[in-house]
Amino acid sequence: MSEDVRLVAWVRGHVQGVGFRWFTRARALEIGGLSGFALNLGDGRVQVVAEGAREGCQGLLDWLQGDDTPGRVDGVTEIWDTPRGGYDGFAIR
């Protein structure tokens, strides 16, 4: 059985105004079993919080760091933690 985790990632680059949050949600739903959100921050970054199986969260992180995202990702900073719960699906905030 897979360990459940919490991934918090901050994505830098040209990631606002390009559908980044929508595509992040779509990718999370495609992976399946993930809950959380994607949120535009005032400094131009997007914060992504995902909870679920480690493999699913790692898959989402790999996508965030890859070349298939909208806009331009200059870098991703992430932290791993224990899940907190309280999310209903994967939301765009």
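Keep in mind that this is a model prediction, so the values were computed, not measured.

(A) Here's a closer look at the overall build of the protein chain. Helix and strand counts for the protein chain come out as two helices and five strands. Traced from its N-terminal end to its C-terminal end, the protein chain shows the element sequence β-α-β-β-α-β-β. Reported as C-alpha extents along the three principal axes, the dimensions of the protein chain are approximately 35 × 25 × 20 Å. Expressed as a percentage of its 93 residues, the buried residues of the protein chain come to 38%. Looking at the protein chain as shown, the accessible area adds up to about 5,000 Å², and 46% of this sits on carbon and sulfur atoms. Taking the average place of the 10 positive charges on the side chains of the protein chain and the average place of its 13 negative ones, the gap between the two points comes to 7 Å.

(B) Looking closely at the UniProt feature "active site" (unreviewed entry) in the protein chain. Within this structure's numbering, the places UniProt gives as "active site" (unreviewed entry) are R21 and N40. These annotated residues cover 20 residues of sequence, but their C-alpha atoms sit close together, with the largest distance between any two at 7.7 Å. Here R21 lies in helix α1 (residues 20-31). Residue class for R21 comes out partly exposed when judged on its relative accessible area of 24%. Beyond its immediate chain neighbours, meaning those up to four positions away, R21 contacts A38, L39, N40, V46, I92 and R93.

(C) Expanded view of the UniProt feature "domain: Acylphosphatase-like" (unreviewed entry) in the protein chain. Feature annotation in UniProt places "domain: Acylphosphatase-like" (unreviewed entry) on residues 6-93, given in this structure's numbering. Counting secondary structure, residues 6-93 comes out at 27% helix and 41% strand; the distance between its end C-alpha atoms is 18 Å.

(D) Spatial organisation of helix α2 (residues 54-65). Between its terminal C-alpha atoms α2 stretches 16 Å, which fits the 16 Å expected from twelve residues at 1.5 Å a residue. Those residues of α2 lying buried are G56, C57, L60, L61, W63 and L64. The arc enclosing the buried residues of α2, seen along the axis, measures out at 160°, which places them on a common side. Buried positions along α2 lie against β1 (4-14), α1, β3 (46-53), β4 (72-81) and β5 (90-92).

Cut-offs used in this document
- Note that residues are indexed from 1 along each chain, following the sequence as it is written.
- Local features are withheld for residues below a pLDDT of 70 in this predicted model, meaning they are given only at 70 or higher, and side-chain atom pairs are given and counted only at 80 or more; totals for whole chains, interfaces and linings count all residues.
- Only hydrogens and water are set aside when side-chain values are computed; all heavy atoms of the structure are taken into account.
- Elements are defined by DSSP. Helices are runs of H or I of four residues or more, strands are runs of E of two residues or more, and each kind is numbered from the N terminus.
- Buried means the residue's accessible area, taken with a 1.4 Å probe over protein chains only, is under 20% of the maximum for its type, while exposed means over 50%, and partly exposed covers the values in between.
- The Shrake-Rupley method, run with a 1.4 Å probe sphere, supplies the accessible areas, and residue values consider only the shown protein chains as cover.
- Only four residue types enter the tally: Lys and Arg on the positive side, Asp and Glu on the negative side; His and the chain ends are excluded.
- Lys charges are placed at NZ, Arg charges at CZ, Asp charges at CG and Glu charges at CD.
- UniProt positions are given in the numbering used here, feature names are shortened, and annotations may be inferred rather than shown by experiment.
- Any two residues whose heavy atoms approach within 4.5 Å are treated as being in contact.
- The span one expects for a helix is its residue count, reduced by one, times 1.5 Å.
- Directions from the helix axis toward the C-beta atoms define the arc.

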